[in-house]
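# Structural features, examined
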Amino acid sequence: MTDAEAVDQEADDEIRARHAAYWRRNLRYLGILLTIWFVVSYGLGILLAEPLNDLRIPGTGFPVGFWFAQQGAIYVFVVLIFVYAGLMNRLDHRFGVDEGDDA
Amino acid sequence: MNVQAWTFTLVAASFALYIGIAIWSRATSTKDFYVAGAGVSPVANGMATAADWMSAASFISMAGLISFMGYDGSVYLLGWTGGYVLLALLLAPYLRKYGAFTVPDFVGDRYYSQTARIVAVVCAIFVSFTYVAGQMRGVGIVFSRFLEVDVNVGVYIGMGIVFFYAVLGGMKGITYTQVAQYCVLIFAYMVPAIFLSLLITGNPIPQLGFGGIDQASGLSLLERLNGLHQELGFAAYTDGTKSTLDVFLITAALMVGTAGLPHVIIRFYTVPRVRDARISVGWALVFIALLYTTAPAVAVFARSNLIASVSETAYADVPPWFTNWEATGLLQFEDYNRDGLIQFVGPSSPETNELTVDNDIMVLANPEIAGLPDWIVGLVAAGGLAAALSTAAGLLLVVSSAVSHDLLKRALKPDITERGELIVARVAAGAAVVVAGYLGIHPPGFVAQVVAFAFGLAASSFFPAIILGIFSRRTTREGAILGMVTGITFTAAYIVWFKLMHPDLNTADHWWLGISPEGIGTVGMLLNFAVTIVVSRITPEPPEVVQILVDKVRIPRGAGVAHEINV
């Protein structure tokens, strides 16, 4: 292996490791956000809806489980997507895999 | 101006707008035709996606369906919005990075197999035609109800409009028309909802109003509705009657199906960058959520209004909207006990119930029930047409690109010229409009039955194949094909068994583990995942070039570069 090849090899390894770290971080974000996604919809809106329906959201007539199933979960969905988009824009930039502004 | 004149004016004005946009945004290349030149802004694409997604069923039927189902209606609200989270986090950015034109494009290339491509093409065409037949029918029904023309004439007019902008403009024309259609439909949905909310609760925001106080009785609106339901023998509005397992599985099938529907996925090929694809899904859901959080409020207002104005009312004293809608057959009253009063009671005593209400009436009749001005009735007609036409156009594009791009260009005749492919794409779009119109005029009896089919099929076929194609490098051609075939076959067999072959057995007692045909797509999807993963472990790993492709798809930098793999 010549010196130039060794340098290339090293640069390649560096890029590969950086991409792997980027991907691991992405998977962690996905894990956290999808857990919230599951809890607000399937958890509070469906599995726990019955006991939660005995409670009211203060100041309104909404039973808590019913509200999550027909309103709350949808609001949280919207927030989750914007949070993910924001997190990933930062991550792309930090790991040098963003697309720039000219694409 | 009377209602008819207002309706005619508003519908004609909206159609003129769509045609104007189509002329302004003609497609000049296949890239324009398939993905609008990949130059659509994320917010505009979000609006177009919302119009693409919200069909005649969302606009006309959903609120009525929820008002009839109460808590159980949540499956539609959660299912048809939660899928966008999956789309934004697991699919859209990677598919945009891949930079293909269609869904079968990705499946065929990632699984280095023409068989996988063809399986995907067949699924895409089947799902889209199932859906589009209902849309064309919806156009015909809106025309016949509001403008008193024959349903078939309505379908022809709808075909003419869609033909014009889909064939001429392709995805580019469709996208900008859909932006306009979203504005029309959301305005038409919100105006009556806001009026109703003010009227009943004094709060102009429907999302808050339906948790508020009913001005007539001074009680909480939901509590009053629950009370009325109990008196009349319905289940409490805010509790469900379906089993928790079934609600869970139906919601999951609808969510995953949403994320796997080709006409939704391809919308995110039209934005310039990966980061735009992520944020654009967010905008799409904002625009969709506006209608989807209003719908359950409208459902409650309509239900309360209906019960308050008809229950135990003398038939001789009913308001004029009652007799108007009775004439259309959507409201039916039969005075069984001949006391001259309307008994509207729940399923516990079906023999004494005298009133049958079609779900669709809740949105369509709302402006009249609330005594709103005539122009709002016309607006609702224009909104319903916008919802149906925008969805039909998006679906037709999937069919046309499946034929001209996936079958012809990628499988049969790879050396076709750009010009030739564009001509074939236009001819295919035109042919698809004609077939869709035919299905709208002669709806096969099973159309209503197979709506669940479209979602179940998308959930149990595309979704696992695409997810594993991105998130597991080791997934092989054999695994994906066997997984898709297993998932589809299982789901289709279960639905066909209960919906077509033995509709008499279609009750919770006969279902496997109490899972309804609507929810079985979730089980099909899990089967698909299991088969794909196991088979992939025991078959030779994918070629190096495919593994490199997967690595590239995961990294945003370098979007827009085509990676065609020839197999």
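Residues numbered from 1 in each chain as written. Chains lettered and ligands numbered in written order. Predicted model: local features only at pLDDT ≥ 70, side-chain atom pairs only at ≥ 80, totals over all residues.

### As for the overall build of chain A
Quick reminder of the rule: Comment: elements are numbered from the N terminus, with helices defined as DSSP H or I runs of at least four residues and strands as E runs of at least two. Here the globule rule is a power law, 2.2 Å times the number of residues to the power 0.38, and the radius of gyration is based on C-alpha atoms. Three exposure classes are used. Buried residues have 20 or more other C-beta atoms within 10 Å of their own C-beta, exposed residues have 12 or fewer, and partly exposed residues fall in between, all C-beta atoms being placed from the backbone. C-beta atoms are placed from the backbone for every residue, and two residues are taken to be in contact when these atoms lie within 7 Å.
When helices and strands are tallied, chain A shows three helices and zero strands. Along the chain direction, N to C, the helices and strands of chain A fall in the order α-α-α. A globule of 103 residues ought to have a C-alpha radius of gyration of about 13 Å, yet chain A, at 22 Å, is considerably larger. Structurally, chain A occupies a C-alpha span of about 75 × 30 × 15 Å along its principal axes. For chain A, with 103 residues in total, the buried portion stands at 32%. Taking the contacts inside chain A whose residues are at least 6 apart along the sequence as the reference set, 51% of them involve residues at least 24 apart.

### Some remarks on the interface of chain A and chain B
Spelled out, the test is: The classification used treats Ala, Val, Leu, Ile, Met, Phe, Trp, Tyr, Cys and Pro as nonpolar, Asp, Glu, Lys and Arg as charged, and all other residues, Gly among them, as polar.
Contacts between the two partners involve 37 residues from chain A and, on the opposite side, 44 residues from chain B. Elements supplying a minimum of two residues to the side of chain A that touches chain B: helix H1 (3-47) and helix H3 (64-94) of chain A. Broken down by element, the side of chain A that touches chain B gets its largest block of residues, 16 residues, from H3(A). Split into classes, the residues belonging to the side of chain A that touches chain B amount to 25 nonpolar, nine polar and three charged.

### Focus: the packing of helix H8 (residues 151-201) of chain B against helix H18 (residues 418-441) of chain B
Residues and elements named next belong to chain B. This is how the line gets drawn: An axis is simply a line fitted to the C-alpha atoms; with a helix, the fit covers only the stretch in contact. Between two such axes, the angle follows the N-to-C directions and lies from 0 to 180 degrees. Angular relationships are summarised with four words: roughly parallel below 35 degrees, roughly antiparallel beyond 145, roughly perpendicular across 65 to 115, and oblique for the angles in between. Crossing handedness: left-handed means the near helix sits turned counterclockwise from the far one by under a right angle, and right-handed means the same turn made clockwise.
Close contact between H8 and H18 brings their axes to 9 Å; oriented N to C, the two are set at 165 degrees. In terms of orientation, H8 lies roughly antiparallel with respect to H18. Remark: the crossing between H8 and H18 carries right-handed chirality. Between H8, through Asn152, Val155, Met159, Val162, Phe163, Ala166, Val167 and Gly170, and H18, the contact on the second element is made entirely by Ala425, Arg426, Ala429, Gly430, Val433, Gly437, Gly440 and Ile441. A class-by-class count of the residues in the contact of H8 with H18 yields ten nonpolar, five polar and one charged.

### What about the nonpolar core?
Note the cut-off: Under the definition applied here, buried Ala, Val, Leu, Ile, Met, Phe, Trp, Tyr and Cys residues are grouped into a nonpolar core through C-beta atoms within 7 Å.
Among the nonpolar cores identified, the biggest contains 218 residues, and Ile81(A), Leu185(B) and Leu396(B) are the most heavily contacted of them. In contact with Ile81(A), not counting residues within four places along its chain, are Tyr84(B), Val85(B), Ala88(B), Val281(B), Gly282(B) and Leu285(B).

### Here we look at the confidence of the model for chain B
Residues and elements named next belong to chain B. Under the convention used in this document: Known as pLDDT, the predictor's confidence for each residue is given on a scale from 0 to 100.
Across chain B, the average pLDDT comes to 83, with 96% of residues at 70 or higher. This model gives residues 560-567 a pLDDT under 50, and the stretch forms 16 contacts once residues within four places in sequence are excluded. Per the prediction output, this complex has pTM 0.89; the corresponding ipTM is 0.91.

### Thoughts on the domain arrangement of chain B
Residue and element names in this part refer to chain B. This is how the line gets drawn: Here the limits of each domain have been adopted from an automatic or database domain assignment.
Each assigned domain of chain B is listed with its residue range as follows: domain 1 (3-294 + 368-445) and domain 2 (308-362). One C-alpha centre belongs to domain 1, the other to domain 2; they are set 32 Å apart. Contact with domain 1, which involves 13 residues of that partner, is made by 13 residues of domain 2. Among the elements of the structure, helix H4 (56-69) and helix H16 (366-369) are those that each provide at least two residues to the side of domain 1 that touches domain 2. Broken down by element, the side of domain 1 that touches domain 2 gets its largest block of residues, seven residues, from H4. Considered class by class, the residues forming the side of domain 1 that touches domain 2 number seven nonpolar, four polar and two charged.

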